[in-house]
Amino acid sequence: LKIKGNKNTQNPVISISRREKYAGVQSLNISTNFRAAGFLTFYFSDALPPTIAASLRRNSTMSCFINGKSIGNSKLLLILIDSTGEMFQREISAKTDGWEKKSWRVTEEDFPTKWMPKNPGNGNKRFDFPLKSIVVGANGNSSANIYVDNFAFSLDNFKPAASEPASPREAQRNTNN
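Let me begin by describing the structure that accompanies this report. Not measured: the values here are computed from a predicted model. Numbering of residues starts from 1 in every chain and runs along the sequence as written. Side-chain atom pairs in this predicted model are given and counted only at pLDDT of 80 or more, local residue features only at pLDDT of at least 70, and totals for whole chains, interfaces and linings cover all residues. Note: side-chain values were computed over all heavy atoms of the structure, leaving out hydrogens and water.

The next subject is the nonpolar core. Among the nonpolar cores identified, the biggest contains 24 residues, and Leu-76, Leu-80, Phe-111 and Ile-146 are the most heavily contacted of them. A run of H or I in DSSP counts as a helix once it spans at least four residues, and a run of E counts as a strand once it spans at least two, with each numbered from the N terminus. Those elements that place two or more of their residues in this core are strand S3 (27-34), strand S5 (61-70), strand S6 (75-81), strand S7 (87-93), strand S9 (133-140) and strand S10 (143-154). Those residues in contact with Leu-80 that sit more than four places away from it in its chain are Met-62, Glu-86, Met-87, Phe-88, Val-106, Phe-111, Phe-127, Leu-131, Ser-133 and Ile-134. Put simply, a nonpolar core is a bunch of buried Ala, Val, Leu, Ile, Met, Phe, Trp, Tyr and Cys residues held in one set by side-chain atoms that sit within 4.5 Å of each other. Remark: exposure states derive from per-residue accessible area (1.4 Å probe, protein chains only) relative to the maximum for the residue type, with buried under 20%, exposed over 50%, and partly exposed in between. Every residue pair with non-hydrogen atoms within 4.5 Å of one another is taken to be in contact.

Moving on, we come to the pattern of salt bridges. Should a side-chain nitrogen of Lys or Arg be within 4 Å of a carboxyl oxygen of Asp or Glu, the pair is scored as a salt bridge. Following the criterion strictly, the structure yields 4 salt bridges and no others. One salt bridge connects Asp-110 with Arg-90, and the closest N-O pair in it is separated by 3.8 Å. Note that Asp-110 is positioned in the loop between strand S8 (100-105) and S9 and Arg-90 in strand S7, a separation of 20 residues in sequence. You can call Asp-110 partly exposed: its relative accessible area is 22%. The class for Arg-90 is partly exposed, based on a relative accessible area of 25%. With a shortest N-O distance of 3.1 Å, Lys-102 and Glu-100 are connected by a salt bridge. For Lys-102, a relative accessible area of 23% puts it in the partly exposed group. According to the relative accessible area criterion, Glu-100 is partly exposed, its value standing at 27%.

Now for the environment of Ile-92. Its place among the elements puts Ile-92 in strand S7. Separated by 17 residues in sequence, Ile-92 and Lys-75 place their C-alpha atoms 5.3 Å apart. Apart from residues no more than four positions distant in its own chain, Ile-92 is found in contact with Ile-66, Lys-75, Leu-76, Leu-78, Lys-102 and Trp-104.

Attention shifts here to the packing of aromatic side chains. Given two aromatic rings, one states the distance between the centres and the angle between the planes to describe the pair. Here a Phe, Tyr or Trp ring, Trp counted by its six-membered ring, pairs with any other such ring whose centre lies within 6.5 Å, and the pair is stacked when the planes are under 30 degrees apart, edge-to-face when over 60, and tilted otherwise. Counted by the stated rule, this structure contains 5 aromatic pairs. A centroid spacing of 3.7 Å and a plane angle of 10 degrees characterise the contact between Tyr-22 and Phe-65, whose relative ring orientation is stacked. Residue Tyr-22 is located in the loop between strand S2 (9-17) and S3, and its partner Phe-65 is located in strand S5; the two are separated by 43 residues in the primary sequence. Judged by its relative accessible area of 39%, Tyr-22 is partly exposed. Consider the rings of Phe-127 and Phe-129, whose centres lie 5.8 Å apart with planes at 35 degrees: the pair is tilted. Classification of Phe-127 as buried rests on a relative accessible area of 4%. Accessibility expressed as a relative area gives 24% for Phe-129, which makes it partly exposed.

Turning our attention to the side chain of Thr-96. By secondary structure assignment, the location of Thr-96 is in the loop between S7 and S8. Looking at Thr-96, the relative accessible area reads 15%, which means it is buried. The term polar contact refers here to a pair of N or O atoms within 3.5 Å; inside protein, the definition further demands a hydrogen-donor-capable atom paired with an acceptor-capable atom, and it admits residues adjacent in sequence only when both atoms are side-chain atoms. Separated by 2.8 Å, the side chain of Thr-96 and the backbone nitrogen of Gly-68 make a polar contact. A polar contact of 2.8 Å, which involves the side chain of Thr-96, links it to the backbone oxygen of Gly-98. If near-sequence neighbours (up to four positions away) are discounted, Thr-96 is found in contact with Ile-66, Asn-67 and Gly-68.

In structure tokens form, the structure reads like this:
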């Protein structure tokens, strides 16, 4: 886990919450306190699992459930990094009335690149597939507690790698043999 931010970010916390969750037993909690306009990003890994990275294409759908408690204008950030290192960002309001489902398409319109003056990568402002990474973060000028749960991708063209089972049932069959 790599954490990046600016000097206006105080006491950033990313944790797993078992108290606040949409489904299952836990959710991701991002807690921020910005003294002034600031940002904070969490790089979970340098690479997406190969099967997901190879299956995500333009117009694939991403979704998650968000429960945000924000004072001011804090936002959740979702950043997609393409194969050249170019970054595409989506901002989502951190103020919600309980759990709300949010969905986006993997398109340049839903994830613009204008946010970063020195955006790494080839700078063509177009997704170059396969995607390398997904980054989660927050920005704003206030404090926020943002919970994220049930992060999902629609992979219409999903094809498991040769070493991966095609379905949970096949995985169960393989462990019984």
